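# Observations on the three-dimensional arrangement
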Amino acid sequence: MDCLVCGSVSWIRYLEKGEHRYVRCVKCDVVRLDPFPTDAQARSLYGDGYFTDASNAGYDDYCADEAVHRRNGRRRVERLGPVPAATNVLVDVGCAFGFTMLEARNAGWDPRGVEANSSARRAVRAAGMSCEATFDALELPPGSVGAVSFFQVLEHLPDPLQALRAAREALAPGGKVCIETWDRSSRVARLAGRRWQQASPPSVLWLLNEPSMAAMAHAAGLELQAHSRSTKWVTLGLVAGQMRDRGARGPLARVAAAAGGVAVPYFLDDLVAVSLVKSGRLVGGPAGP
């Protein structure tokens, strides 16, 4: 498989996790899952079980943690900055049940969602907001969008380069792409190695860091404006589910499970916020996988 970003055909082993492995492009430093799923296989991972029984490294009960998701959503919306005067349209790619979109709407944005899960799409629409299965289905005119967000989503997409190019085309002058993702070059990721929780096959297809994120942005006609550590809140129930996935059954795991709904700050250094802006021209590049 050719590299999505630079077209190289040279890959080396990066890490193995169970029956899965990740490989690194020797030219541009992008890391991907190998073997790589088809689009249909990737989308099939996000059925209702992803949000209700932790299927494919998902959530035990996503909607039960609405208050925490909305708290994180408010922080994300703050990072978007002031609502642009030219257009207040925000596209939230991978919006799940729209909790960040609700906070964006409260802040003056006109949010539109993109979500693979049909139950989540129905919930967003029931809340009075637009939501489609693909970016193209939103039918947004070029230059009509103030911001596009990928909050813990880009690493799950079969073709993040195509997604970033679509975002670039939709952006109005001065618009930006806001990303929240995981940094494989962080201290915790390097110390954990193959045990790093965020290397979660088969749903996590890409392991990014600042250089590979900059390379991908450049290939999409965007420029890396900021890449910095971020924080969020998580429930102990989510922590317990992740510990269970790793086979933990000790006292700490039992305490986390019992305190399920209690929210705590995520204190590790591997979560990052990324901001991209349009560069002068769209860069040509290889087709996605």
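Coordinates for the structure precede this section.
This one's a predicted model, so the numbers in the text were calculated from it and none came from an experiment.

This part is about the overall build of the protein. Scanning the protein for helices and strands turns up ten helices and 13 strands. Counting the 289 residues in the protein, one finds 52% classified as buried. In the structure as shown, the protein presents an accessible area of about 13000 Å², 52% of it carried by carbon and sulfur atoms.

Let us now look at the side chain of Ser275. Positionally, Ser275 belongs in strand 13 (residues 271-278). Those residues in contact with Ser275, other than ones at most four positions away along the chain, are Lys176, Val177, Glu223, Leu224, Gln225 and Ala226.

Moving on, we get to the packing of aromatic side chains. In total, this model carries eleven aromatic pairs according to the counting rule given. Judged by centre distance (5.3 Å) and plane angle (80°), the ring pair of Phe51 and Tyr62 falls under edge-to-face. With Phe51 in helix 2 (residues 48-52) and Tyr62 in the loop between helix 2 and helix 3 (66-80), the pair connects residues that are eleven residues apart, well separated along the chain. Both residues of the pair, Phe51 and Tyr62, belong to the buried class.

Overall, the coordinates contain one cavity of 30 Å³ or more when judged by the stated rule. Empty space within the largest cavity amounts to approximately 30 Å³. If you go around the largest cavity, the residues you meet are Glu155, Thr181, Trp182, Trp196, Gln198, Val204, Trp206, Leu207 and Leu208. Grouping the constituent residues of the lining of the largest cavity by class yields six nonpolar, two polar and one charged.

Attention now moves to the pairing of strand 1 (residues 11-17). Two faces belong to every sheet, and in a regular strand the side chains alternate between them. Of the pairings in the sheet, the one linking strand 1 to strand 2 (residues 20-25) comprises six bridges and is antiparallel in character. Note that in strand 2 the partner of Lys17 across the bridge is His20. Between strand 1 and strand 2, which pair antiparallel in sequence order, lie two residues; one of them, Gly18, sits at a positive phi of approximately 65°.

Picture the strands of a sheet paired through backbone hydrogen bonds; they go either parallel or antiparallel. With mixed pairing, seven strands are arranged side by side in an open sheet as 6-5-4-7-8-13-10. Since the sheet does not close on itself, it has two edges, and those belong to strand 6 (130-132) and strand 10 (222-229), each with one partner. Between one strand and the next, the sheet's axes are offset by a mean angle of 20°, whatever the strand orientation. Along the sheet, helix 6 (residues 160-170) contacts strand 7 (145-151), strand 8 (171-182), strand 10 and strand 13; its crossing angle with strand 8, the most-contacted strand, is approximately 150°. Against the sheet, helix 8 (residues 210-219) touches strand 8, strand 10 and strand 13, its axis set at about 155° to strand 10.

Spacing of three or four residues puts side chains on the same side of an α-helix, whose turn is 3.6 residues. If you check helix 3, its first and last C-alpha atoms are 21 Å apart, about what 15 residues at 1.5 Å a residue would give, namely 21 Å. Residues Val68, His69, Asn72, Gly73, Arg76, Val77 and Leu80 constitute the buried set of helix 3. For helix 3, the elements touching its buried residues are strand 4 (89-93), helix 4 (99-106), strand 7, strand 8, strand 11 (233-235) and strand 12 (263-265). Just beyond helix 3, the residue with positive phi is Gly81, at close to 85°.

This brings us to the nonpolar core. Of all hydrophobic cores here, the largest spans 59 residues; its most connected members are Val91, Val148, Phe150, Leu164 and Val177. A per-element tally of this core places helix 6 first, with six residues. Not counting residues up to four positions away in its chain, the partners in contact with Val148 are Leu90, Val91, Val93, Phe135, Ala167, Leu171, Lys176, Val177 and Cys178. Listed in part, the 15 residues of the second largest apolar core include Tyr46, Ala96, Val124 and Cys131.

Moving on, we get to the sheet that holds strand 3 (residues 31-34). Pairing within the open sheet is antiparallel, and its four strands lie in the order 1-2-3-9. Because the sheet does not close on itself, it has two edges, and the strands there are strand 1 and strand 9 (206-207). Direction of pairing for strand 3 relative to strand 9: antiparallel, over a ladder of two bridges. If you follow Arg32 over to strand 9, its bridge partner there is Trp206.

Attention now moves to unusual backbone geometry. Across the junction of Asp34 and Pro35, the peptide omega takes the value 0°, indicating a cis bond. Position of Pro35 among the secondary structure elements: in the loop between strand 3 and helix 1 (39-43). With an omega of 5°, the peptide bond between Pro201 and Pro202 qualifies as cis. Position of Pro202 among the secondary structure elements: in the loop between helix 7 (187-192) and strand 9. The phi torsion at Asp29 lies on the positive side, around 80°, for a residue other than glycine. Note on placement: Asp29 falls in the loop between strand 2 and strand 3.

What follows deals with the packing of helix 6 against helix 8. Each pair of packed helices can be summarised by the angle the axes make with each other and by the distance between the axes. One way to put it is that helix 6 packs onto helix 8 with a least axis distance of 9 Å and a crossing angle of 55°. With respect to their mutual orientation, helix 6 and helix 8 come out oblique. The two elements helix 6 and helix 8 cross, and the hand of that crossing is right-handed. On helix 8, the residues that touch Pro160, Leu161, Leu164 and Arg165 of helix 6 are Met213, Met216 and Ala219. Residues belonging to the contact of helix 6 with helix 8 are distributed by class as follows: six nonpolar, no polar and one charged.

Reading the values: the criteria
Residues numbered from 1 in each chain as written. Predicted model: local features only at pLDDT ≥ 70, side-chain atom pairs only at ≥ 80, totals over all residues. Heavy atoms only, no water. Helix = DSSP H or I, 4+ residues; strand = E, 2+ residues; numbered from the N terminus. Buried < 20%, exposed > 50% of the residue type's maximum accessible area, 1.4 Å probe, protein only. Areas by Shrake-Rupley, 256 points an atom, 1.4 Å probe, with all protein chains shown as cover. Contact = heavy atoms within 4.5 Å. Phe/Tyr/Trp six-rings, centres within 6.5 Å; stacked < 30°, edge-to-face > 60°. 1 Å grid on protein atoms, 1.4 Å probe; cavity = no way out; pocket = protein on both sides within 12 Å on 5 of 7 lines; lining within 4 Å. Points joined across faces, edges and corners; volume = space filled by probe spheres on them. Nonpolar A, V, L, I, M, F, W, Y, C, P; charged D, E, K, R; others polar. Pairing = 2+ DSSP bridges. Axes fitted to C-alpha atoms, helices over the stretch in contact; angles between N-to-C directions. Expected span 1.5 Å × (residues − 1). Core = buried A, V, L, I, M, F, W, Y, C linked by side-chain atoms within 4.5 Å. Parallel < 35°, antiparallel > 145°, perpendicular 65-115°, else oblique. Left-handed = near helix turned anticlockwise from the far one by under 90°.

Purely geometric numbers; function is a separate question.
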